[in-house]
Amino acid sequence: MSQFAVPWREKPEPSHGFVSSFIVALAKGIYAIATPIVTRFPGSILLSAVVASCFLVWAHALLFSYVDTAVLERAAEVGAANPNAFGYFSPSTWGLPPSVIGTLLAGDAAVEGQSPGLLSYLLWPVQFGFTRDMIAFGAIFAWFNIVPVYVIWWERKVAGRIQSRLGPMRVGGWHGWAQSPADGIKLVLKEDFIPDAADSILFRAAPYFAIIPSALAFVALPFGVTYIFREVDVALVFILAMLGIEVMSVILGGWASNNKWSVYGGMREACQMVAYEIPMGMALLVPVVCVGSLSLKYIGEVQADGWFSWLAFRNPFAFVAFVTYFIASLASCKRAPFDLPEAESELVAGFLTEYSGFRWALFFFAEYAAMFVVGGLATIMFLGGWNSPIPSDWGAGLGESIWAKGLKGILFSGPIWFILKCVFFLFLQLWVRWTLPRIRLDQVLYACVQVLLPLTMVLLFGTTLWVWASESGNATWDVIASIVSKVLGIVGLAFGFGFVAIAGYGFYHRRRLVGNLVIDPLPGS
Amino acid sequence: MSLLVLLTASSAFGAPSDATGAAAPGSVLEAVLFYIVAGGVVVSALGVCIAQNIVRMAVWLFTALASVAVMYFLLAANFIGAIQLIVYAGGTLILLVFGVMLTSKSPWIRFEAPKLELVAATVVCVGLFLSLCTLLGRAAWESVDEATAGTSIATIGRALITEYLVPFEMAGVVLMIVMVGAAHMARQEK
Amino acid sequence: MLSIGLTHYLVVAAVLLCTGLFTIMTKRNAIGILIGVELLLNAANVNLVAFDRFREGGLFDGQIMALFIIVLAAAEAAIAVGICINVYKNLATVDVDSARQLQG
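Being a predicted model, the structure only gives us computed values, none of them experimental.

Colleague: Teacher, can you tell me more about empty space enclosed by the protein here?
Modeller: Over the atoms rolls a probe the size of a water molecule, and its path tells where empty space is left. Evaluation of the coordinates by the stated rule reveals six cavities of 30 Å³ or more. Residue classes in the lining of the second largest cavity are distributed as four nonpolar, one polar and four charged.

Following this line, the structure appears as structure tokens:
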């Protein structure tokens, strides 16, 4: 039988190298081992994973502070003027052999004439900022991978529940927990497809313009007082810039695909993002005006006095700005109802039309990571950041022991609260996406330019006047302001309880079908 | 790729030495980061002038702007760096790309310059660069051996509404005029 | 070489200046010329911020001037893109050589 003439260009069979075969074998093995265990004990595994990660986080913070104290003490003993000389990248440490610094760290052991213990050798690298950076980088990288994978799975479950179905149930057993990793493996192994007419270099480069900024946004995003990769005084502007740069990837991807749908998607994205950046930034300026700083760490620390000190309840303008910011952030993450760039009923898949496999996955990772960053910004700027609703000075009587620190980390402030609030925002984004219909492009731009933009300007002006009045020191005004703030806090509390009640009601009745399944006979049949 | 992320991340903020978190002046780290970032700037600037396709030029401009922003972070000008990213890379450049998309019939459109002009431009630019370098080599700057501590954003903000209030307001007026003018120019004729 | 001083940054700015100039001189596309202008402005900015960093006394005039330049560059780009779109509407091309009606 002769060969068929195929209308497309023949491509050679892809050869799987050792690495990819190894990865596949590894994944299969892990899956085979993990599935029975996870299927049997899903709840306890989830719980112990959370506890273990909290413990890891605390352990590393404790380790760092222990080493810091040791280095500082030793520096004071030696009489070094600048403790930083023991820090990293300073020429004086380059020349020292490890044992000397080990002795420095061990302190007492050196005094007694013993050789420094194994522990000091193990701790030696931790004093260098570079090592700490590598650890923190590993943590960020892991988080950056975990968030999209599990939010995608969660989104499919939420979408299923909202539409009275189950969502992924098969892969991995318990509620399809392995659906997203399996999808990821599928995407990585897919054929790498680049259209002939595409600008291939830009087509390949575009996903990286999406994923690098959204990863870099995590650099300045604080998870807690000490859990920041780099504390920057302009952290807020930096993160906004990173979110803004992501547009470039969509435009480039759309243009380089050389496909009408893609270009339309890219153009829509550009319009929408450039327009919504303005109300988003201006809504974020409202808490900045209240606090007087662009440093996210400082803004978070200001809100440590419990529920009523959170910035959303500081004044009425901030409360409205919170809602405005949430709407604008939906648009900037191209989430529904603003998902015009990838509107599947109009543009096939928008800028993603020609993308497949790994590059497509990169776009999605960037989108979900950006959703987390946007939720994190909302958390820090409006909802108290990593502080719990309980005022932190209630914990003053607990003391300073390790156990007290741990308890404070759970009860009063800590990364766990930050992550919980971000998860709340993620859930809001999913809920909105699967509830509201998509709006037209002219409606999107109308909502931005004629509604949100004037509104945020009024809010910014109003909050400026409010801060000015508060700083004038008028006693009557202070009373009025605190009453207003309490009222707003109670309204916020009511919203929070309402949210929990509705979501809980939905979850409790998740097996009940909406409406009647019995379809009335069609007229005339 | 993750290495690139790491490099950009650590070069953006370097080893914290003062409030702005820039790399310690005179350290080896600063030198290494400087050469990496400067290499980025030079390569992307050359990319802009060599590229023939207009969208590729815009992408090279994007990398040039981003590396210049990282260079500002190295110079302890965090605010300028962040503003460069948000206004230049996130706003102006998008506008340019928009302009490209609205004015190109075919994506592969190119306008070639005559050979003679290319040669002349090369001679002029290389000559200018060499003479500038000679000049810089001979210049004796007063008291510039040591970098000063970085300026915090609060200082800049305060200066903008006291010392530089008039230019600041003028910038606002200019932006307003530009907004009206650009909207007028680009609108559809009825 | 390992001690980074003012001159290093100025050389980088010189590279930006020369490439920007080259781009302006050789490109025929109006938006390409605009891209060259952006490079020139960036060269000026790098100079300003570098002088600011290496100046005695910790002043910050350079940073504020750089800020104003960024603002003006954004304004200039908006107007210039508007002009390009108008030229395109009238001549159906953005080749700067073809826009010579006013030459008489």
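Colleague: Help me understand the pattern of salt bridges in this model?
Modeller: When the charged atoms of two side chains with opposite charge come close together, those side chains can pair. A complete count under the given rule lists four salt bridges over all chains for this structure. Two residues, A:Glu155 and A:Arg433, come together in a salt bridge whose shortest N-O distance is 3.3 Å. Taken as a pair, A:Glu155 in helix 7 (residues 129-162) and A:Arg433 in helix 16 (residues 415-433) lie far apart in primary sequence, 278 residues in all. Note on A:Glu155: relative accessible area 3%, which makes it buried. Notably, a salt bridge pairs C:Arg28 with B:Glu117, separated by 2.1 Å at the nearest N-O pair. With C:Arg28 in the loop between helix 1 (6-26) and helix 2 (30-53) and B:Glu117 in helix 5 (residues 115-138), this residue pair bridges two chains.

Colleague: What is the right way to look at a nonpolar patch on the surface in this model?
Modeller: On the surface, A:Phe18, A:Val19, A:Phe22, A:Ile23, A:Leu26 and A:Ile30 cluster together to form a nonpolar patch covering roughly 660 Å² of accessible area. Judged by relative accessible area, which is 55%, A:Val19 ranks as exposed.

Colleague: Honestly, helix 6 (residues 153-161) of chain B in this entry has me stumped. Any pointers?
Modeller: Within an α-helix, residues lying three or four positions from one another point in the same direction, as the helix has 3.6 residues per turn. Where helix 6 of chain B is concerned, the buried positions are B:Ile153, B:Ile156, B:Ala159 and B:Leu160. One side of helix 6 of chain B carries all its buried residues, which in axial view fall inside an arc of 125°. Exposed side of helix 6 of chain B, more than 90 degrees from the buried face: B:Arg158 and B:Ile161 are the residues found there. As for helix 6 of chain B, its buried residues are in contact with helix 4 (78-103) and helix 7 (165-186) of chain B together with helix 3 (61-91) of chain C.

Colleague: Whenever I open this one, the packing of aromatic side chains confuses me. Can you help?
Modeller: Residues and elements named next belong to chain A. What the rule picks out here adds up to 35 aromatic pairs over all chains. Taken together, a centroid distance of 6.0 Å and an interplanar angle of 35° make the contact between Tyr325 and Phe382 tilted. Of this pair, Tyr325 sits in helix 13 (residues 316-332) while Phe382 sits in helix 14 (residues 357-382), placing them 57 residues apart in sequence. On the basis of relative accessibility, which here comes to 0%, the residue Tyr325 falls in the buried class. Taking relative accessible area as the criterion, Phe382 reaches 0% and is therefore assigned buried. A network of ring pairs unites the aromatic residues Trp154, Phe322, Tyr325, Phe326, Phe382, Phe424, Phe425, Phe427, Trp431 and Phe499 as a single cluster.

Colleague: So what exactly am I meant to see when it comes to helix 13 of chain A here?
Modeller: Residues and elements named next belong to chain A. Its 17 residues give helix 13 an end-to-end C-alpha distance of 24 Å, which sits within 8% of 24 Å, the value for a rise of 1.5 Å per residue. Counting buried positions along helix 13 gives twelve out of 17 residues, so the element sits mostly inside the fold. Residues of helix 13 that are buried include every one of Ala318, Phe319, Ala321, Phe322, Thr324, Tyr325, Phe326, Ala328, Ser329, Leu330, Ala331 and Ser332, and no others. The opening residue of helix 13, the one whose side-chain oxygen lies 3.0 Å from the backbone nitrogen of Phe317, is Asn315. Phi for Lys334, located one or two positions after helix 13, is positive at around 45°.

Colleague: When you look at the packing of helix 10 (residues 235-256) of chain A against helix 14 of chain A in this model, what are you seeing that I'm missing?
Modeller: Helix-helix packing is described using two parameters, namely the angle between the two axes and the distance between the axes. All names here are of chain A. It is at 11 Å that the axes of helix 10 and helix 14 come closest, and there the two elements cross at 155°. Of the possible angle classes, the one that applies to helix 10 and helix 14 is roughly antiparallel. Considering only the axes of helix 10 and helix 14, their crossing is left-handed. On helix 14, the residues touching Leu236, Ile239, Leu240, Leu243, Glu246 and Ser249 of helix 10 are Phe363, Ala366, Ala370, Val373, Val374, Leu377 and Met381. For the contact of helix 10 with helix 14, a count of residues per class yields eleven nonpolar, one polar and one charged.

Definitions and limits used
Residues numbered from 1 in each chain as written. Chains lettered and ligands numbered in written order. Predicted model: local features only at pLDDT ≥ 70, side-chain atom pairs only at ≥ 80, totals over all residues. Heavy atoms only, no water. 1 Å grid on protein atoms, 1.4 Å probe; cavity = no way out; pocket = protein on both sides within 12 Å on 5 of 7 lines; lining within 4 Å. Points joined across faces, edges and corners; volume = space filled by probe spheres on them. Nonpolar A, V, L, I, M, F, W, Y, C, P; charged D, E, K, R; others polar. Salt bridge = Lys/Arg side-chain N within 4 Å of Asp/Glu carboxyl O. Helix = DSSP H or I, 4+ residues; strand = E, 2+ residues; numbered from the N terminus. Buried < 20%, exposed > 50% of the residue type's maximum accessible area, 1.4 Å probe, protein only. Patch = residues over 30% accessible without salt bridge, like charges linked within 9 Å, V, L, I, M, F, W, Y side chains within 5 Å. Areas by Shrake-Rupley, 256 points an atom, 1.4 Å probe, with all protein chains shown as cover. Arc of directions from axis to C-beta. Contact = heavy atoms within 4.5 Å. Phe/Tyr/Trp six-rings, centres within 6.5 Å; stacked < 30°, edge-to-face > 60°. Expected span 1.5 Å × (residues − 1). Polar contact = N/O pair within 3.5 Å; in protein donor to acceptor, adjacent residues only side chain to side chain. Axes fitted to C-alpha atoms, helices over the stretch in contact; angles between N-to-C directions. Parallel < 35°, antiparallel > 145°, perpendicular 65-115°, else oblique. Left-handed = near helix turned anticlockwise from the far one by under 90°.

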